[in-house]
Amino acid sequence: ADPALVFRAPKSGIYYVRLIDSQNKGGEDFGYRLRIDDVKPEFDLRISPSNLAIPRGGTANLSVSIIRKNKFNGEVELFTKGLPSDFKLSKCRMARGEQQLRMTITAPENIQEGPIDFQIWGQATTENGDEIVKQAYPAEEMLQAFYIKHLIPTSDFRVNITPELPYSIEIL
């Protein structure tokens, strides 16, 4: 991740920023980028797994994780674009402070087998009343050093409708 610094000027005036290479290897042949901006609460969304197989009339599990930035702690309403209306999606609201939402998607029994193309989006309103709308991007959960989990972005969110399962499980 890129380094970030939040600075709140104590009073109006002229301030100077000096960028240096911590290893003293910089120079005219090196590119540096500095962004000075207002700090606005925001978030990014990740879908995991990035590949889903849903049997006709069946249900699959997926997770939507949120990367909260700049003190955004609000509720996020999830919605889809391109998903046929006869699919059912559970739990479409991520609560304040929640980091991950586990949800299910259920395919209708009469759906044609094959890939379907849709997107998951999140919408929130900040405490200032600003609206944020973000697309959720696919990611895979990877484990580092047997302990730390990371969400690594992938290129595609793929959903395939498969034949009905030849069996059913009933819990009594």
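So, here is what we can say about the structure in this document. (Residues numbered from 1 in each chain as written. Predicted model: local features only at pLDDT ≥ 70, side-chain atom pairs only at ≥ 80, totals over all residues. Heavy atoms only, no water.)

1. Observations regarding the side chain of Gln-135
Quick note on the threshold: Strands here mean DSSP runs of E at least two residues long; helices mean DSSP runs of H or I at least four residues long; both are numbered from the N terminus. Any residue under 20% of the maximum accessible area for its type is buried, any over 50% is exposed, and the rest in between are partly exposed; the area is computed with a 1.4 Å probe on protein chains only. Any two residues whose heavy atoms approach within 4.5 Å at even a single point are treated as in contact.
Structurally, the position occupied by Gln-135 is in strand 10 (residues 131–144). Classification of Gln-135 as buried rests on a relative accessible area of 18%. With residues up to four places along the chain from it excluded, the contact list for Gln-135 reads Leu-45, Gln-119, Ile-120 and Trp-121.

2. Regarding the side chain of Ser-65
In plain terms, the rule: Here a polar contact is taken to be a pair of N or O atoms separated by no more than 3.5 Å, where protein atoms must pair a possible hydrogen donor with a possible acceptor and residues adjacent in sequence count only if both atoms sit in side chains.
Mapped onto the elements, Ser-65 comes out in strand 3 (residues 59–69). A distance of 3.2 Å separates a polar atom in the side chain of Ser-65 from a polar atom in the side chain of Gln-100. Discounting chain neighbours no more than four positions away, the residues touching Ser-65 are Asp-44, Leu-45, Arg-46, Gln-99, Gln-100 and Leu-151.

3. Comments concerning the sheet that holds strand 2 (residues 51–55)
Our working definition: Pairing between strands is defined by DSSP: at least two bridges between the two strands are required. In this analysis, axes come from line fits to C-alpha atoms, helices being fitted only over the stretch in contact, and the angle between any two N-to-C directions falls in the range 0 to 180 degrees.
Pairing within the open sheet is mixed, and its three strands lie in the order 2-12-8. In this open sheet, the two edge strands, each paired with only one partner strand, are strand 2 and strand 8 (114–116). Adjacent strand axes in the sheet meet at a mean angle of 30 degrees, parallel and antiparallel pairs treated alike. Summarising the sheet, strand 8 and strand 12 (residues 158–162) pair through three bridges and their orientation is antiparallel. Across the sheet, the residue bridging to Gly-114 is Ile-161, located in strand 12.

4. Some thoughts on unusual backbone geometry
The omega torsion across Ser-48 and Pro-49 is 0 degrees, close enough to zero to call that bond cis. Positionally, Pro-49 belongs in the loop between strand 1 (42–48) and strand 2. For Lys-71, which is not glycine, the phi torsion reads 65 degrees and is therefore positive. Structurally, Lys-71 can be placed in the loop between strand 3 and strand 4 (76–81). Taking the relative accessible area as the measure of exposure, Lys-71 reaches 82% and is therefore exposed. Of note, Lys-91 is a non-glycine position whose phi angle comes to about 45 degrees, a positive value.

The analysis is restricted to geometry; functional conclusions fall outside its scope.
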